[in-house]
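Fold and contact review
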Amino acid sequence: MSVVIIDYGAGNIQSIKFALERLGTTAVLTNNANVIREAAHVIFPGVGEASTAMEKLISSGLDTLIPTLTQPVLGICLGMQLMCNRTAEGNTKGLGIFDTDVVRFDTNLNVPHMGWNTVEGAGVLFGGIPQNSHFYLVHSYYAKSNGNTVGSCTYGIPFAAALAKNNFYGTQFHPEKSGEMGAQLLKNFLAI
Amino acid sequence: MLTKRIIPCLDIKDGRTVKGVNFVSLRDAGDPVELASRYAEEGADELVFLDISASEEKRKTLAKMVRDVARAIDIPFTVGGGISSVEDVGVLLDNGADKVSINSSAVRRPELIRELAQRFGTQCIVVAIDAKQLNGEWIVHLVGGKVPTERRLFEWAKEAVERGAGELLFTSMDHDGTKQGFANTALNELSKLVQVPIIASGGAGTMNHFVDTFALGNADAALAASVFHFKEISIPTLKTYLQQHKIPVR
């Protein structure tokens with residue numbers, strides 16, 4: 001029952017690995033399609049710029065692999081954004097798993113949206129997590145709320161803090177950096 | 001609602017915390033991992049580690065410390081001190097740091113900010129600015145406030161953000177160590193000038209100083225060292241106090 005963190009050179013994946021270790025789970029870091037396909041759970045991280053990250057996915061063939069996965073898949077931060085139809089960052093076409101678009105905050109508030117904000121969540125990811133618990137976010141682009149939204153956050157306007165569709169899940173926040181509630185969310189994901 | 005952040009700062013030398021800390025219940029008060037874990041449990045929103053080591057050998061010790069901290073805590077942390085290249089930053093982020101802060105190296109070579117932002121994203125690049133007032137003007141200083149530069153605080157802050165800083169950490173050398181409160185007038189002016197989060201630093205003495213820096217200084221986060229290390233202010237008590245004063249906290 002292995003857990004794989006997709007390692008495609010985009011971001012701080014050690015933190016996710018360490019967060020899983022704190023839950024007693026050893027994760028494998030890989031970009032190998034066979035290893036990813038065989039995993040019980042797949043985590044798709046991402047930090048940085050969308051078009052650069054997408055190029056890396058394409059060059060390793062992961063862009064075609066990820067949408068065909070059948071086990072639970074969790075995209076985190078940019079990972080979740082790349083699972084949407086399109087992102088305005090670098091005008092990048094996404095993996096088209098979540099039926100929504102990612103746009104930049106158009107606000108007089110600070111960008112990036114950085115820090116701990118409250119999330120109204122529902123469904124399996126948020127089991128045992130009280131409403132309006134705080135999660136840590138840092139991002140300049142956000143996914144528009146749609147029918148896949150299972151977690152909502154507000155920064156000037158409401159946006160999708162968590163998405164879910166079939167076996168695919170995504171969080172805009174960083175569960176690996178969100179204290180106890182983040183750990184609970186990861187635990188919930190691993191229990192799916 | 002986005003909350004205001006409370007950030008304890010730990011000074012590190014050769015992988016150990018240097019300022020005396022007054023946590024009697026710690027097994028090893030010099031162990032940054034144990035201290036970091038304690039702060040995370042108490043409700044700190046983030047941590048900053050400021051490395052004051054110099055040599056190459058000691059940098060390796062820092063990378064190991066970063067890894068140990070990342071393994072232990074589940075809140076974000078920033079590492080600063082002596083960072084001057086893309087390689088330096090790569091090592092720290094690979095070992096699990098969430099953000100890095102650059103100071104003197106950015107003043108000496110401002111292009112570094114853009115290089116780091118392009119490579120790692122603006123969200124993990126904090127530009128730290130130490131400044132004090134000379135003849136009524138805020139002047140940027142280097143080497144912990146000892147060496148004045150040609151640069152003025154507000155111009156430099158604006159330039160740093162234009163070059164890709166995702167956050168500013170402003171320390172008033174006039175307020176640092178005084179325990180008389182933060183530089184709220186300058187902080188407020190900064191917050192109007194740039195559209196990135198600002199961490200207030202220097203001057204924390206009472207819980208009311210934190211209220212003021214959020215309410216009057218419009219800071220997004222407040223950083224302090226000794227008031228936390230010496231248990232003059234406990235983080236849970238501070239959070240309750242802030243809440244009572246209508247400051248949103250976690």
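Refer to the preceding data block for the structure.
Our subject in this report is the structure included herewith.

Parameters and conventions
- Residues numbered from 1 in each chain as written.
- Chains lettered and ligands numbered in written order.
- Predicted model: local features only at pLDDT ≥ 70, side-chain atom pairs only at ≥ 80, totals over all residues.
- Heavy atoms only, no water.
- Buried < 20%, exposed > 50% of the residue type's maximum accessible area, 1.4 Å probe, protein only.
- Helix = DSSP H or I, 4+ residues; strand = E, 2+ residues; numbered from the N terminus.
- Core = buried A, V, L, I, M, F, W, Y, C linked by side-chain atoms within 4.5 Å.
- Contact = heavy atoms within 4.5 Å.
- Axes fitted to C-alpha atoms, helices over the stretch in contact; angles between N-to-C directions.
- Parallel < 35°, antiparallel > 145°, perpendicular 65-115°, else oblique.
- Left-handed = near helix turned anticlockwise from the far one by under 90°.
- Nonpolar A, V, L, I, M, F, W, Y, C, P; charged D, E, K, R; others polar.
- Polar contact = N/O pair within 3.5 Å; in protein donor to acceptor, adjacent residues only side chain to side chain.

A word on helix H1 (residues 14-22) of chain A. Residue and element names in this part refer to chain A. Of all 9 residues making up H1, 7 are buried, and the element is well covered by its neighbours. Taken together, the buried positions of H1 are occupied by Gln14, Ser15, Ile16, Lys17, Phe18, Ala19 and Leu20. Looking one or two places after H1, you find Gly24, whose phi comes out positive at around 85 degrees.

Time to look at the nonpolar core. If you look at the biggest cluster of nonpolar residues, it comprises 79 residues, and the most contacted ones within it are Leu47, Phe77, Leu168, Phe210 and Phe228 of chain B. In this structure, Phe77 of chain B is in contact with Lys177 of chain A together with Leu47, Phe49, Val66, Val69, Ala70, Gly96, Ala97, Asp98 and Lys99 of chain B, ignoring residues within four places of it in sequence.

Here we take up the packing of helix H3 (residues 86-94) of chain B against helix H5 (residues 111-120) of chain B. Residues and elements named next belong to chain B. Axis separation between H3 and H5 bottoms out at 10 Å; the angle between their running directions is 40 degrees. Judged on the interaxial angle alone, H5 and H3 are oblique. Considering only the axes of H3 and H5, their crossing is right-handed. Within the contact between the two elements, H3 uses Val86, Val89, Gly90 and Leu93 and H5 uses Leu112, Glu115, Leu116, Arg119 and Phe120. Here the contact of H3 with H5 is built from residues that sort into 6 nonpolar, 1 polar and 2 charged.

You can see Asp45 of chain B is positioned in the loop between helix H1 (32-42) and strand E3 (47-51). At a separation of 2.9 Å, a polar atom in the side chain of Asp45 of chain B contacts the main-chain amide nitrogen of Ile6 of chain B. Excluding anything up to four places from it in sequence, Asp45 of chain B contacts Trp116 of chain A together with Lys4, Arg5, Ile6, Ile75, Pro76, Lys239 and Arg250 of chain B.

Time to look at unusual backbone geometry. Across residues other than glycine, the phi torsion is negative in most instances, and most of the peptide bonds are trans. Here Val111 of chain A and Pro112 of chain A are connected by a cis peptide whose omega angle stands at 10 degrees. When you line up the elements, Pro112 of chain A lands in the loop between strand E7 (98-104) and strand E8 (113-121).

Another point: the packing of helix H8 (residues 207-215) of chain B against helix H10 (residues 235-244) of chain B. All names here are of chain B. Taken N-terminus to C-terminus, the directions of H8 and H10 make an angle of 50 degrees; their axes are 10 Å apart at the nearest point. Between H8 and H10, the angle is such that the two are oblique. The two elements H8 and H10 meet at a crossing, and its hand is right-handed. Facing H8, whose interface residues are Met207, Asn208, Phe210, Val211 and Phe214, H10 presents Thr237, Leu238, Tyr241 and Leu242. Broken down by class, the residue content of the contact of H8 with H10 amounts to 7 nonpolar, 2 polar and no charged.

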